[in-house]
Structure formats: structure tokens, C-alpha cells
Amino acid sequence: MRIRDVARMAWGQIIRRKMVTLLCMMGLSIGSAAMIIALSVGQSVQTYSEKTLNDNYKMDEITITPNEGIRTGNGKGSGQTSKFERGALTLEKIQIIQRLPHVVAVAPMLKLDSLEMVLPDGRSTYVEVIGTQLETLGGFGYKYAEGRGAEDGRMAVTSYGAAFGLVDPKVTQKLFEQLNADPYNNELLEQFTEMSAKQDQLIQQRIQFRYEDYANASKTKMSGSIRVSGELTKPSNMDEMSAQNDKKVYLPLDTARALQDELGLQQADSSAAKHLNSALVKVEDKRYVSQVEEQIKKLTLNTQSNLFQEEAMAGQLAMYQKAALGIGGFIMLLASLSIIVAMIMSTHQRRKQIGVMKVLGANLWQIRQMFITEAAMLGLMGGVAGVGIAFAALGGVNSLLASQMADQVNGPMTVVIQQSALPLGIVFAVLVGIVSGIYPAISASRTNALTVIKSM
């Protein structure tokens, strides 16, 4: 028999047994849809997670710190001095890092203690003070809402959050005392919230920094005035509350060192006066982060990146995807059992037809081919129906995700059917159909033609 004849006979049997065909297709279509959705959800989760990681953890950035375990060989008995200072983070090493391949920007940093920023009218708030080269901020995605960074003179650039929560310390102290006495007073809580959420204009303001040693009140010191020359915009990857609490003030390195001297924050070791305590490196692409880290470590410096976050996320995604594929595979197993049962029943019902075909000269392979073709057609029909079910179920999946992830900064995740998943779902359904049809096909080919004819 020709393949076309075999296909026509198989199709005739499928059309003739409509209820059995429908039951087989249901299992295959649901299994195929589950496979397609599982693959699509896995890919969509991976894309969404990568975007979230890049926004929240800056996957293409490296933090550098000095290697405190390695000291310069200038101690007693060494007889040597090292201008390069092996374990220290210096501007000379920053210049070397800037020339490394795939490095886009490097920001040297001298992080001071958390200091109280004081306005001329006495209002204040605590901020993180960071000395850096202000022109490097643009390389890390920072944008100016007003003004600009200036390296000449005592200038400062404030973050978006630094302009919030500037209140008179006496007012704050009084409010805290009232809240301690009456912690459930909603009016006091609302008043405190309003004070914290009030935004001030800092551009061109003269600010000072106050350092208070709580162990010794007599050591409280006030710095000279510094003019705010620029204000940064709200980071796009932060929600409003997080951005308001992210209070930073960036100073030129020389100004930061002068501030250290004024407030008595200078290190006891005078040789470390020019040292930095951290630096930030932006890499061209996260693919090169490991490569750049290895080069930086050769300068006897410590590095830290967020690649481990991606590795942990990849492990979780693989686990979720395996679970989804396992569910789809289990449904496919049930569908294959239904095909096997249906085909065996069909074999018993078609014993006379098989006997006549054998008498007319049909060999074992031709009979098996007919049953396997029928099973493959069922698989193909179930796979195509599964594609339709997957698209129909997609709306419900996205609606569920939207309701569960409405408070996410990046918005809810949206599942998109991957084009590559469609043929895979159909092929898998066809393969399940073929495998399920092998045993019934072998059973049918073993039918004894003489016994069947005698019973007619």
C-alpha cells in the first residue's frame, strides 16, 4: 500500500470513531498546552527576572574594596617601601582599571560616616556622604534634575531622597516624645509622615555637616558650608518610598578629605590619607563582569558583583520549569494511556478488517503502519488543539499575574507565548501519539487471519 492509502484509511477510522477521537485529543491537547505554557512561562520569567536583577542589583557593576589583608612592605625589618601600596585602593590603580577592556566607567569613592546635613535655618536630616569624581556619575545612569556637578570649590550633588525629611531637630524630638507617650495617636503619625514626605529645594543652598560622637558629646563638630550645585533625579528602578529614603550627598574627593579633617574623621595612619575605601566599576555588558573582576584582583584588590544573584535565580527558574514540564509530562502520560486503550479497543473491533487485509496480501509492516499513522494523526490534531488552548489560557494566566504582582516596581510580569514553543508542543504530542500507537499496532499485526475468517 502507498503512504497516501495508509493515511486515508487511518483518517477514515478517526472520523468514524468520533467519541474516541475526541477523548484522545482532549488529553493530548491539554498536555501539549501545558508544555507550551510551561516553556513560555519559563522564558518569560527568565526575561522578567533578568530585567529586575539588572534594575535592582546592577548586574553590570562591580564594587571594589581595598585588600586589608595585604599591607605595604614598609614595616620594621622589611627594609623596603612600596610606592604602589599593594593592598590599598589608590587613584593610580583607578587609572589602571579605567584602561581595562570592556570597562565603561569607574567611580572612585571615599565613603564617610552617616552625617547630619544641616540647612541655614537649622533643619536637618541624616545622609550618607560620599566623596567621588562628580563627572563619573553620568556613566552610572545618574541624571541631573537641576544644576550639575562641579569639581572646583566646595560643591555638592544631592540625591533625590536627600531633599526629603528636612525638619528641625527640636520639633522631631518633641514629636517623638509625644509618640512615645501616645503611640496610637493617628494625628501624630500623620504629622510625622507629612514631615518626612515634604520635599525641599536644595539647589544653590548652603549646607553644613554635623558629626556627633554619642560617647562624648563634647566631640560634636560642625563643618564649613558647602554649596549644592546639582540635584539628581529619582532613580527609575526605585519606588517613591525607597527613593525618598535613599539619602546621599556626593562631594569632590578633595572636599570629602577636607570634611574628614574638619570633623575629625581622618584615619590615624597618615599614609592612608590619599586612599579610597571603595570604587564602582561599570562594565560594557554583564558577560564581561567575571573577566574584568579577574583583572582587578590582580591589583590585589577585593571585588564583589551581583552575578551570584543571577546564578541563584537561574537555579530557581530551572526548578520551576522542571516542575511545570513534569506536570505537562504527567498529563501526556495519561493521554498516552488513553490512546493505548482506545487503539487496543479499535484493534479488537477491526479484527475482521485486519484478517481480510492479510488474506489480500497485506504484510505485518503495512498493518502496523496503518495503526501508527492513525496514532500520529491523533497526536497532530491534539497538538494543534493544544496551541489554541495555550493561547486561550494565556489571558487567564496574565490576569492572575497582574493581580498578584500589582505592587511590583517594574509592573506585573506578562507571559508571552514563545514561537519556539509552538512546534515543540506539536512535535511532542505527535511523538506521544506514535509511541502510544506502537503496542496496539504490534498487537493488530499479530491477528491470526484464518481464525478471524473462520469466525465470520
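Each chain has its residues counted from 1, running along the sequence as written. Note on the predicted model: pLDDT of at least 70 is required for a residue's local features to be given, and 80 or more for side-chain atom pairs to be given and counted; whole-chain, interface and lining totals, by contrast, use all residues. Note: side-chain values were computed over all heavy atoms of the structure, leaving out hydrogens and water.

So, on to the pattern of salt bridges. Salt bridge, as used here: a side-chain nitrogen of Lys or Arg that lies within 4 Å of a carboxyl oxygen of Asp or Glu. According to the stated counting rule, one finds 8 salt bridges in the structure shown. Of the charged contacts, one joins E262 and R154 as a salt bridge, the two residues approaching to 2.9 Å between their closest N and O atoms. Of the two residues, E262 sits in helix 7 (residues 253-263) while R154 sits in the loop between strand 4 (144-147) and strand 5 (155-158), which places them 108 residues apart along the sequence. Note on R154: relative accessible area 29%, which makes it partly exposed. When the shortest N-O distance is used, the salt bridge between D254 and R257 registers 4.0 Å. Remark: R257 and D254 occur in helix 7; sequence separation between them is 3 residues, near one turn of the helix. Only protein chains enter the accessibility calculation, which uses a 1.4 Å probe; a residue is then buried when its area is under 20% of its type maximum, exposed when over 50%, and partly exposed in between. For D254, a relative accessible area of 59% gives the class exposed. Shared partners join several salt bridges into a network, and the residues in it are D121, R123 and D200. Only DSSP runs of H or I reaching four residues or more are called helices, and only runs of E reaching two or more are called strands; each is numbered from the N terminus.

It is worth spelling out unusual backbone geometry at this point. Even without being a glycine, H102 presents a positive backbone phi close to 70°. As for its position among the elements, H102 is in the loop between helix 3 (91-98) and strand 2 (103-118). The phi dihedral of Q204 falls on the positive side, at around 70°, and the residue is not glycine. With respect to the helices, strands and loops of the structure, Q204 is situated in the loop between helix 5 (186-197) and strand 6 (206-211). Judged by relative accessible area, Q204 falls into the partly exposed class, the value being 46%.

The next thing to look at is the environment of I417. Note on placement: I417 falls in the loop between helix 11 (364-404) and helix 12 (421-445). Among all residues touching I417, those that are not within four sequence positions of it are I36, S40, A390, F391, L394 and L422. Two residues form a contact once any of their heavy atoms are found within 4.5 Å.

Turning to the packing of aromatic side chains, a few remarks are in order. Here a Phe, Tyr or Trp ring, Trp counted by its six-membered ring, pairs with any other such ring whose centre lies within 6.5 Å, and the pair is stacked when the planes are under 30 degrees apart, edge-to-face when over 60, and tilted otherwise. Summed over the entire model, instances satisfying the criterion amount to 3 aromatic pairs. Ring centres 5.1 Å apart and planes at 55° place the aromatic pair Y160 and F164 in the tilted group. For the pair shown, Y160 and F164 are each scored as buried.

Turning next to the pairing of strand 3 (residues 124-132). The buried count for strand 3 comes to 7 of 9 residues, which makes it a mostly enclosed element. Examined bridge by bridge, strand 2 and strand 3 share 8 bridges and lie antiparallel to one another. Residue pairing in the sheet places L115 in a bridge with V127 of strand 3. The pairing of strand 3 with strand 9 (residues 248-252) spans 5 bridges and is classified as parallel. Paired with G131 across the strands is L251, a residue of strand 9. DSSP-based pairing: two strands are paired if at least 2 bridges between them are found.

Let us look at the confidence of the model for the chain. A residue-level look at the chain finds 87% of positions with pLDDT of 70 or above and a mean pLDDT of 81. Note that pLDDT drops below 50 for residues 73-82; the model gives that stretch 6 contacts with residues more than four away or on any other chain. Scored between 0 and 100, pLDDT is the confidence that the predictor attaches to each residue.

What follows covers a nonpolar patch on the surface. Only residues whose relative accessible area exceeds 30% and that form no salt bridge enter a patch; like-charged residues are grouped when within 9 Å of one another, and nonpolar side chains (Val, Leu, Ile, Met, Phe, Trp, Tyr) when within 5 Å. Values of accessible area rely on a 1.4 Å probe in the Shrake-Rupley scheme; residue burial ignores everything except the protein chains shown. A cluster of nonpolar side chains, contributed by M19, L22, L23 and M26, occupies part of the molecular surface with about 420 Å² of accessible area. Mapped onto the secondary structure, L23 falls in helix 2 (residues 18-57).

Another aspect to go through is the side chain of T125. Among the structural elements, T125 can be located in strand 3. Those residues in contact with T125 that lie beyond four places of it in its chain are L115, E116, M117, A162, F164, G165, L166 and K247.

At a minimum axis separation of 10 Å, helix 4 (residues 169-181) and helix 5 run at an interaxial angle of 150°. Considering the angle they form, helix 4 stands roughly antiparallel to helix 5. Crossing angle aside, the handedness with which helix 4 passes helix 5 is left-handed. Contact with helix 4, carried on its side by V171, T172, L175, F176, Q178 and L179, involves L188, L189, Q191, F192 and M195 of helix 5 and no other residues of that element. In the scheme used here, Gly and all other residues not listed as nonpolar or charged are polar, with Ala, Val, Leu, Ile, Met, Phe, Trp, Tyr, Cys and Pro taken as nonpolar and Asp, Glu, Lys and Arg as charged. For the contact of helix 4 with helix 5, the class distribution of residues is 8 nonpolar, 3 polar and no charged. Only C-alpha atoms enter the line fits that serve as axes; for helices the fit covers just the stretch in contact. Angles between N-to-C directions range over 0 to 180 degrees. Convention used here: angles under 35 degrees read as roughly parallel, angles over 145 as roughly antiparallel, angles from 65 to 115 as roughly perpendicular, and any remaining angle as oblique. Less than a right angle of anticlockwise turn of the near helix away from the far helix marks a crossing as left-handed, whereas a clockwise turn marks it as right-handed.

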